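Below are the chains, spelled out letter by letter.
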Amino acid sequence: MLYGFFSLSSQVAVYKTDNVCAAFLANINTTIDVIVNFSGNSYRLPAWSVSILPDCKNIVFNTAK
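Residues numbered from 1 in each chain as written. Predicted model: local features only at pLDDT ≥ 70, side-chain atom pairs only at ≥ 80, totals over all residues. Heavy atoms only, no water.

### As for the overall build of the protein chain
Now for step 1: Each helix and strand counted, the protein chain has zero helices and seven strands in total.
Now for step 2: N-terminal to C-terminal, the α/β element order of the protein chain is β-β-β-β-β-β-β.
Now for step 3: At 11 Å, the protein chain has a C-alpha radius of gyration in line with the 11 Å of a compact globule built from 65 residues.
Now for step 4: Structurally, the protein chain occupies a C-alpha span of about 35 × 20 × 20 Å along its principal axes.
Now for step 5: Burial status across the protein chain gives 37% buried among its 65 residues.
Now for step 6: Expressed as a percentage of contacts within the protein chain between residues at least 6 apart in sequence, the contacts between residues at least 24 apart total 22%. (Helix = DSSP H or I, 4+ residues; strand = E, 2+ residues; numbered from the N terminus. Rg over C-alpha atoms; globule rule 2.2 N^0.38 Å. Buried < 20%, exposed > 50% of the residue type's maximum accessible area, 1.4 Å probe, protein only. Contact = heavy atoms within 4.5 Å.)

Next up, the structure:
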């Protein structure tokens, strides 16, 4: 597992094997949406939410939607 920060209010956790990748993008700011760049793509993360990318590319679920 890889874990890191985009900024003080946004985080990423990546789970990767040889042929499988999944990522969780989190915006822990309670009031402001953010745009993050991850793996060559831009993602809008609503305030206080987590986005799930089961293939490290496409958001299939966001907790704020």
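### Some details on the pattern of salt bridges
Now for step 1: Tallied over the entire structure, the rule returns one salt bridge.
Now for step 2: Linking Arg-44 and Asp-33 is a salt bridge whose minimum nitrogen-to-oxygen distance equals 2.5 Å. Separated by 11 residues along the polypeptide, Arg-44 in strand E5 (residues 41-45) and Asp-33 in the loop between strand E3 (21-27) and strand E4 (34-38) bring together distant segments of the chain.
Now for step 3: Overall, Arg-44 belongs to the partly exposed group, its relative accessible area being 43%.
Now for step 4: By relative accessible area, which is 35% here, Asp-33 ends up partly exposed. (Salt bridge = Lys/Arg side-chain N within 4 Å of Asp/Glu carboxyl O.)

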